[in-house]
Amino acid sequence: MRNIININKSWNFIKENERNTVDLPHTWNGIDGQDGGNDYYRGICTYEKELTKADMPNGDEVYIQFEGVNSSSKVYFNDKEIAVHNGGYSTFRAELKNIQDNNIIRVEVDNSPNDFVYPQQADFTFYGGIYRDVSLIGVDKNHFDLDYFGAPGIMVTPELKGNMAEVNVKTFIKGDGEVKVTVDGKELTGSDVTFEIENPHLWNGTADPYLYTATAELIVNGEAVDEVSARFGIRSFEINPQKGFILNGKEYPLRGVSRHQDRPEIGNALLPEHHEEDIELICEMGANTIRLAHYQHSQYFYDLCDEKGLVVWAEIPYISKHLPNGFDNTKSQMTELICQNYNHPSIIVWGLSNEITMAGSNSDLIKNHKMLNELAHKLDKTRPTTIAVISMCSTKDEYVHISDVVSYNHYFGWYGGNVNMYGGWFDDFHKKYPNKAIGLSEYGCEALNWHTSEPEQGDYTEEYQAYYHEEVIKQIIDRPYLWATHVWNMFDFAADARAEGGENGMNHKGLVTFDRKYKKDSFYAYQAWLSKNPMLHICGKRYVDRVEDVTKVTVYSNQDEVELYANGESIGKQKKGKYPFFYFDVKNEGETVITAKAGDLTDESRINKVDTFNVSYVMKDEGEVINWFEINTPVGYYSVNDKIGDILSTFRGKIAALIIAKKALSALNTDKDKKSEPKKKKSGKKSKGISVMGMPVGKTMIEMGKGFTVKRALSMASGMFTKEQILEINEILNKVKKPK
């Protein structure tokens, strides 16, 4: 029988001629990949381990298995190259031949930029290292195949037919032998067998995620020489363009989150307890689906999803930037993703790509997607494909309609636009393409420990994030045709190129902080909506000092009625309406203890009346060009703090915008750029119009732009505008009256 030995302990790690001893899992970017500056080490590092013959597992053949090495790796055994693997998130193996009394395994790991391995451009850190388990597998010369794309050697396909299920089990062997398969107490012989199970116990999402086990033994001369097993779930599902997701014949709206896996200081080098904590937090929130972005996650986490009944969108890191030389890499990564994860009942769609048209679409990109779509259907006839489309991409683009179902990444209300734009956009898509299932694959906004009573788009406050998610939740509830919705993101995560919100190197769109220690108010908004467990939460617990005489207090609860008390005195009861959000006005006098009660539940917070706003609540951004207190905001007049759309709604505002645009063109040196370009001959063809990043400027992009404040738009222009220029623009706007 096969013998498996974990060899995570005591590897020599060499980086730039420095040698240290490390245990796996390990990354060399746990610190510099999270501190901002986009300057984390990307290059080649080496891992070495000495193994004696006695360290090897028993078996005629010995394989080494790597569950995750980012991004590319070359494996040497006694100085002979035995494997090259391109792709940082999947399992791969290699056979160890000519084992000596003393042996050295050497792994050269490379996360440096190139033009053929995905990902190369994305909003997350590409941690280098051997960051998942490494094992030795000893097997008989006759064994279940270990050479096929890191797959387990057993493939289980259950099909529900009325009150009966047909379960097909295929096994893949190397060498000779007879296969004996056991499922639900029944035995059949053969490498491709089908079982019938009457009245099967269904895998029924979070309510009842029941799992069966298929076990296969390889018999040679009457003796079992190898064994593999796979858990599986019996379920049926459909993605209906009108009704959304249907599980086992019943409508089952998929409402949940996306997950990045990294943690402070350890990056992606997670231990089982980290995966367990993540899954418990997601379940506590009440989600029933996870988009595991933007790459293959740990087998242990897929197993947890199976056990908890969480429906999974699994995808490869074909993201942001199409690489003409990356065609083969997308093919190999998709093959590994499907072959290694085929048996997980939690997975219901294979994601082909994410925001890949960021720089526009083209025929090569279309060809790549068609290949992946056909490949996914060839490898797995039971699951549909999907794509996560960037917001600005036209719904008419051919690539949007390649996959079986589709979702869009929208950030209306954060990256421009208004938070109320979601419903209308999806209604328009649904009306235009009634036979195409549409979902919301990303949406969210950032929040740190900044606070205000007047939240605005782009302020990074916990209050705006809570308001934003309340409003999006309302729009999702009213649109059951959305086949799936996934918040971006469940957890804050590292993106070393970022410099936003007052903490560089991080994306703060998580409902939970990077260290998993603090659940932001928006976490509880989803819990109130999705969880079946009784809950009650007062928002704004970190926002204590307040200047207003009457302050708004928001309470989230899934209970029928909430009563609020201020210093023990009831200020009213509210019945739950269509949405699980309750809003109270509370007098702000001295110190006030606020208590909420709903059934047997109680929650408490405190506020304190102050005369001057507590500046510790205001974002302190190292990269900020101009501070909030430097901007003149006369009452009744516009300033750079106002939204572009509001300014353009008035005649004088349009005039001011033209003046500002002229200054912006000057700042961006466009005249100089134009003079340096060679003159083009007129072709007589009609202009294709204005484009941004290769994408035509359409209605959606224009509406998104109107949602930016002038200050935010200028600040996002890559440092092109000085403080003096912004103040000059502010003076122009200060002369434009707001409509009464």
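Quick caveat, the model's predicted, so the values are computed rather than measured.

Chemist: Hey, could you run me through a nonpolar patch on the surface in this one?
Modeler: Residues F651, I655, L658 and I659 make up a contiguous nonpolar surface patch of about 430 Å² in total accessible area. Turning to its location among the elements, I659 is positioned in helix α9 (residues 651–667).

Chemist: Explanation requested: a positive patch on the surface in the structure shown.
Modeler: A cluster of like positive charges, contributed by K170, K331, K378 and K381, occupies part of the molecular surface. Of the residues examined, K378 reaches a relative accessible area of 65% and is grouped as exposed.

Chemist: Is there a simple way to explain the side chain of D262 in this structure?
Modeler: Note that D262 resides in the loop between β27 (254–259) and α1 (272–285). Despite its burial, D262 pairs with no opposite charge, the nearest such side chain being R516 at 5.6 Å. Of the polar contacts made by the side chain of D262, one reaches the side chain of Y127; its length is 2.7 Å.

Chemist: I keep staring at the sheet that holds strand β25 (residues 244–247) and nothing clicks. Help me out?
Modeler: Strand pairing in a sheet takes place through backbone hydrogen bonds and is either antiparallel or parallel in direction. If you trace the three strands from one edge of the open sheet to the other, you get β24-β25-β26, paired in antiparallel fashion. With partners counted over all chains shown, the strands left at the sheet margins are β24 (237–240) and β26 (250–251), one partner each. By the bridge criterion, four bridges tie β24 to β25 in an arrangement that is antiparallel. Bridge assignment links I239 to a residue of β25, and that residue is F245.

Chemist: Explanation requested: the confidence of the model for the protein in the structure shown.
Modeler: The predicted coordinates of low-pLDDT regions are not to be read in fine detail. Averaged over all residues, the pLDDT of the protein is 93; the fraction at 70 or higher stands at 93%. Throughout residues 670–695 the model reports pLDDT below 50, and contacts reaching past four residues in sequence, or to other chains, amount to 22 contacts.

Chemist: Got a minute to help me understand the pattern of salt bridges in this structure?
Modeler: If the charged atoms of two oppositely charged side chains come close together, the side chains can form a pair. Taken as a whole, this structure holds 34 salt bridges when the rule is applied. Where E280 meets K308, a salt bridge forms, and the shortest distance between an N and an O atom there is 3.0 Å. Of this pair, E280 sits in helix α1 while K308 sits in helix α2 (residues 299–308), and the two are 28 residues apart along the sequence. When its relative accessible area of 41% is taken as the criterion, E280 is described as partly exposed. K308 gets classed as partly exposed once you look at its relative accessible area, which sits at 30%.

Chemist: Sorry if this is basic, but what is going on with the packing of helix α6 (residues 462–477) against helix α7 (residues 521–530) here?
Modeler: Helix packing for two helices is described by the angle between their axes and how far apart those axes are. One way to put it is that α6 packs onto α7 with a least axis distance of 8 Å and a crossing angle of 25°. Classified by the angle between their axes, α6 and α7 sit roughly parallel to one another. The way α6 lies across α7 gives a crossing that is right-handed. The residues of α7 that touch α6, namely those facing E462, Q465, A466, H469, I473, I476 and I477, are D521, S522, A525, Y526 and W529. Class assignment for the residues of the contact of α6 with α7 results in seven nonpolar, three polar and two charged.

Chemist: Please explain the sheet that holds strand β2 (residues 11–15) as it appears in this structure.
Modeler: Strand order in the open sheet formed by six strands is β3-β2-β4-β10-β7-β8, with antiparallel pairing between adjacent strands. The sheet is open, and its two edges are formed by β3 (18–22) and β8 (80–86), each paired on a single side. The mean angle between the axes of side-by-side strands here comes to 20°, regardless of whether they run parallel or antiparallel. Note: strand β7 (residues 72–77) against β8, six bridges, orientation antiparallel.

Chemist: How should I be thinking about the nonpolar core in this particular structure?
Modeler: Note on soluble globular proteins: their nonpolar side chains tend to be buried together. Core analysis: the largest hydrophobic core is formed by 96 residues, its most contacted members being Y399 and M490. Looking at this core, the element that brings in the most residues is α7, giving seven residues. Ignoring sequence-local partners within four residues, the contact set of M490 consists of V257, S258, L281, I282, M285, G510, L511, V512 and F523. W28, V75, A94 and V134 belong to the second-largest nonpolar core, a separate cluster that totals 27 residues.

Chemist: I would appreciate a short explanation of unusual backbone geometry in the present structure.
Modeler: With the exception of glycine, most residues fall at negative phi, and the peptide bonds are largely trans. Of note, the bond from L24 into P25 is cis; its omega dihedral lies within 30 degrees of zero at 0°. Checked against the element boundaries, P25 lands in the loop between β3 and β4 (44–52). Each neighbour pair has its own omega, and for W488 with N489 the value is 15°, a cis peptide bond. A positive phi angle, near 70°, is found at S320, a position not held by glycine. Among the secondary structure elements, S320 is positioned in the loop between β29 (311–315) and α3 (327–341).

Chemist: Explanation requested: the pairing of strand β33 (residues 438–442) in the structure shown.
Modeler: In summary, the side chains of a regular strand alternate between the two faces of the sheet. Taken across its five residues, β33 has five buried, putting it largely inside the fold. One ladder, built from four bridges, connects strand β32 (residues 406–409) with β33; its direction is parallel. Across the sheet, residue Y408 finds its bridge partner in β33, namely L440. At this point the chain moves from β32, through helix α5 (residues 421–432), to the parallel β33, and the crossover so formed is right-handed.

How each quantity is defined
- Residues numbered from 1 in each chain as written.
- Predicted model: local features only at pLDDT ≥ 70, side-chain atom pairs only at ≥ 80, totals over all residues.
- Heavy atoms only, no water.
- Patch = residues over 30% accessible without salt bridge, like charges linked within 9 Å, V, L, I, M, F, W, Y side chains within 5 Å.
- Areas by Shrake-Rupley, 256 points an atom, 1.4 Å probe, with all protein chains shown as cover.
- Salt bridge = Lys/Arg side-chain N within 4 Å of Asp/Glu carboxyl O.
- Helix = DSSP H or I, 4+ residues; strand = E, 2+ residues; numbered from the N terminus.
- Lys, Arg positive; Asp, Glu negative; His and termini not counted.
- Charge placed at Lys NZ, Arg CZ, Asp CG, Glu CD.
- Buried < 20%, exposed > 50% of the residue type's maximum accessible area, 1.4 Å probe, protein only.
- Polar contact = N/O pair within 3.5 Å; in protein donor to acceptor, adjacent residues only side chain to side chain.
- Pairing = 2+ DSSP bridges.
- pLDDT = per-residue confidence, 0-100.
- Contact = heavy atoms within 4.5 Å.
- Axes fitted to C-alpha atoms, helices over the stretch in contact; angles between N-to-C directions.
- Parallel < 35°, antiparallel > 145°, perpendicular 65-115°, else oblique.
- Left-handed = near helix turned anticlockwise from the far one by under 90°.
- Nonpolar A, V, L, I, M, F, W, Y, C, P; charged D, E, K, R; others polar.
- Core = buried A, V, L, I, M, F, W, Y, C linked by side-chain atoms within 4.5 Å.
- Right-handed = clockwise from strand over helix to strand, strands pointing away.

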